[in-house]
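Here's the letter readout for the chains.
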Amino acid sequence: MLSESRMVTLTGVGGVGKTRLATRMATVLRRAFPDGVWMVELAEVERPELLIASIMEALEIRDHSHRPPMDVLVERLRDEHALLVLDNCEHLQQECAVLAETLLRSASRLRILATSRHVLGIAGERTFPVPPLSLSSLDAHGTAGTRPMPEAVQLFADRARSVVPEFAVTDANRATVESVCRRLDGLPLAIELAAVRLRALSVEQLLERLGDRFRLLTGGSRAVLPRHQTLRALIDWSHLLCTEQERVLWARMSVFTGGCDLEAAEEVCSGDGIHRAEIVDLIAALMEKSILSREDHVGVVRYRLLESIRQYGRERLAESGQAPRIRRACRDYYRGMAAEARARLFGPDQIAWLGRLQLEHANLRTALESCLADPAEIQVGLGMAADLLYHWITSFYLAEGRRWMDRALALDSGESEIRARALWSNSWLAIIQGDLDDAAAMLKESRAIGERRGREEILGYVALYSGMIAMYRQDADTAIGLYEEAVERHTATGDPVGHALALIRLSLAHSFLGDSTRAVSLGERGIAVCEAHGEGWHRAYAMMALGVEVWRKGDAARAAAMERESLRFNRSLDDPLGIGVNLEVLAWVAATERQFTRAARLLGIAGAVWKAVGAVLSGYGHLVRYHDACEDDTRRALGSSALRSETERGAGMSAEDGLAYALEETPPADTGDRDLDVPSPLTPRETQIAQLVAQGASNRRIAADLVISQRTVEGHIEHIMNKLGFHSRVQIAGWLNDHERAAGAQAPRATRRHG
């Protein structure tokens, strides 16, 4: 159907397997779409205005411009031969329909695969009603050992063995098993929920209780589809078989959006009949009953309710009368998380906290929405949005963060210190987007509040960001005066974050004016402030700023070393702004060293980053003159055709390969000759990660060894599994051993890379 239509929607009742089928399709078709297959989970997107932001996040579009998000998305996909999978569209049916029509009209090679309980209803859409699993065999004769099992029976047997390892479908029980599956209408989710009951029941007892349970439906509304009745009855039965505490926890955990970790469950769901210490055992019990599913992330386990089960839990929570209290507890927990992340931002825990915020993004959204929907909590939401400033900047959510703060500021009409902080925080987002007039207006209001209240910290940040606006306009003298004011105020208040930022920007401003001595001295002071607190992100930016001046002074080798050190950190954090500037400076260094081919390629790699961000040297506009000079020098040396060719070659590299090239990393030893003899579907980087997986290394260890982010490692391992058709790390290790043996050589030792 996808080969004949650019829009295909998988429809069907909840639990029939739409998502599972779409996921499998995405894996199978990956090679047919050279520009990517993107899976977007929409079940946790509760507000229509967050639809496009969620898709941009899935596509890893870090837009730092002030353009409408739809325009950014259209531009990204316009020339892409890609497949976009939109999962769980039913609650955003109209919005998804408009989005799909817009994208398909604008991007001629894009195809969309959607899953929904309802048809989207757009022109050209083809629908595929996902059927339940088959209930009858192809061959009606023979024994259980020779006759093929229906699909539903196969799934039941597989899930039954997970709780009763010795379970098997035999001649003696086959008819009973088939009857169970028939009672469940072949619905995969219902079969999985029922099979878990074999921990305590025989198949015969299970069938008997299913019969009793489903007979209760005969008096129900005939307007409800039978399969909806079946699934509802099965979940009802699962609910009845839970203890009272398990039912309460099930209902309470339904408030989380996108899952939660143990700490969140303990904090939000305890009380009123459940002690905090009991939560972990209750979670284990719900996992055993297939109510909760487990998700492994780096260093933490998270728990998630399937969407049908989550909605059921929400109904039960509403019936209990506890919904307002639990939702408030959930909001307060994530409000506290945002505040703690801000407090611990400048220190050794920085990366861990920023990573945690990314995992909890869906819950943070829900907490913000809860605050802004309650007039009494507007200021709480405003403060929370401001606390998340670095989350907005370092991840995929800059434009979304700007929208949250714009909305909160519009709802708040006071002159509080919280408003002043939100104004200067939001101004930084506006500056990065190039929206200087709005940024200046926000800073003017923030300064007025700071002056009336005599708050040095507010005035320090207003001076800092006002300096950025002046520098963006290349008014270095004004910028220097403002930065010096910021340094003085932040020194007086003992704020290392503002102090370090002001020193970094002051160093760049003096460099811009050619005052090398001051630029170097200030850059080194900025690094010292960061190192005194064990801080990495600001230090990487200070190293970048100092590298610019060292390069201007003519020490290309030292400048390149500083930029590579900064780039390694920015890569581990997956920060596009820092990465883009590092790549730019490395290109300028290469041109100075007359390595013009390398310079052109680095400009192409940087260009791909800026395309995703939305502007060249976003937030560092005064450096554009160096970019233009590098491009002109390289064009004169290579000629326009060669410059274009090498730039396109750089832009065409994968993100990881481009960064490895910039860092002059050595590819894994001995893979070249072997790959000629025994072709591998894996890239050199994937091969290297597969080797570490085979050695038993965790994702955290791999990230540390290769100096990349843990999220990047997870993405590579997912790609490896998709390419090889595997679902476990053990299979990767086995395949690697077989591949190396076929190549006639032992697997090489994976070594840590150094730039």
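Parameters at a glance
- Residues numbered from 1 in each chain as written.
- Predicted model: local features only at pLDDT ≥ 70, side-chain atom pairs only at ≥ 80, totals over all residues.
- Heavy atoms only, no water.
- Helix = DSSP H or I, 4+ residues; strand = E, 2+ residues; numbered from the N terminus.
- Rg over C-alpha atoms; globule rule 2.2 N^0.38 Å.
- Buried < 20%, exposed > 50% of the residue type's maximum accessible area, 1.4 Å probe, protein only.
- Contact = heavy atoms within 4.5 Å.
- Areas by Shrake-Rupley, 256 points an atom, 1.4 Å probe, with all protein chains shown as cover.
- Lys, Arg positive; Asp, Glu negative; His and termini not counted.
- Charge placed at Lys NZ, Arg CZ, Asp CG, Glu CD.
- Phe/Tyr/Trp six-rings, centres within 6.5 Å; stacked < 30°, edge-to-face > 60°.
- Axes fitted to C-alpha atoms, helices over the stretch in contact; angles between N-to-C directions.
- Parallel < 35°, antiparallel > 145°, perpendicular 65-115°, else oblique.
- Nonpolar A, V, L, I, M, F, W, Y, C, P; charged D, E, K, R; others polar.
- Core = buried A, V, L, I, M, F, W, Y, C linked by side-chain atoms within 4.5 Å.
- Pairing = 2+ DSSP bridges.

Caption draft 1: Representation of the overall build of the chain within the structure. When helices and strands are tallied, the chain shows 37 helices and eight strands. What you see for the chain is a C-alpha radius of gyration of 29 Å, in line with the 27 Å of a compact globule of 755 residues. With the principal axes as the frame, the chain shows a C-alpha extent of 90 × 70 × 50 Å. By the burial criterion, 55% of the 755 residues in the chain qualify as buried. A separation threshold of at least 6 residues defines the contact pool for the chain, and within that pool the share at least 24 residues apart is 71%. Within the structure as shown, the chain displays about 31,400 Å² of accessible surface, and the carbon and sulfur contribution to it stands at 50%. Where the 91 positive side-chain charges of the chain centre and where its 103 negative ones centre are 3 Å apart.

Caption draft 2: Looking closely at the packing of aromatic side chains. Under the counting rule described, the total for this entry stands at 14 aromatic pairs. Look at phenylalanine 256 and tyrosine 334: their rings are 6.4 Å apart centre to centre, the planes differ by 85°, and that puts the pair in the edge-to-face class. Here the residue phenylalanine 256 occupies a position in the loop between α10 (244-253) and β6 (260-261), and tyrosine 334 occupies one in helix α14 (residues 323-343), the gap between them amounting to 78 residues. Residue phenylalanine 256 is classed as buried on the basis of its relative accessible area, which comes to 2%.

Caption draft 3: Up close: the packing of helix α2 (residues 51-58) against helix α4 (residues 93-106). Contact pair α2 / α4: the axes reach a minimum separation of 11 Å and the direction vectors enclose 55°. By the angle between their directions, the pair α2 and α4 is classed as oblique. Contacts between α2 and α4 involve Leu51, Ile52 and Ile55 from the first element and Glu95, Cys96 and Leu99 from the second. Each residue belonging to the contact of α2 with α4 can be placed in one class, and the counts come to five nonpolar, no polar and one charged.

Caption draft 4: Here's a closer look at the nonpolar core. Counting 227 residues, the largest nonpolar core has Phe156, Met253, Tyr334 and Tyr465 as the members making the most contacts within it. In contact with tyrosine 465, other than residues within four places in its own chain, are Leu389, Trp424, Ser427, Trp428, Ile431, Leu443 and Leu501.

Caption draft 5: Layout of the sheet that holds strand β1 (residues 7-11). Spatially, five strands are ordered β2-β3-β4-β1-β5 in an open sheet, and the strand pairing comes out parallel. Two strands close off the open sheet at either side, each with one partner strand: β2 (37-41) and β5 (125-129). Averaged over all pairs of adjacent strands, the angle between strand axes in this sheet comes to 15°, irrespective of strand direction. In this structure, strand β3 (residues 83-87) lies alongside strand β4 (residues 111-116), joined through four bridges in parallel fashion. Within β4, the position partnered with leucine 83 by the bridge is arginine 111. Here α2 sits on the sheet and contacts β2 and β3; the angle it forms with β2, its principal contact strand, is near 140°. The sheet strands contacting α4 are β1, β3 and β4, and the helix crosses β4 at an angle near 170°.

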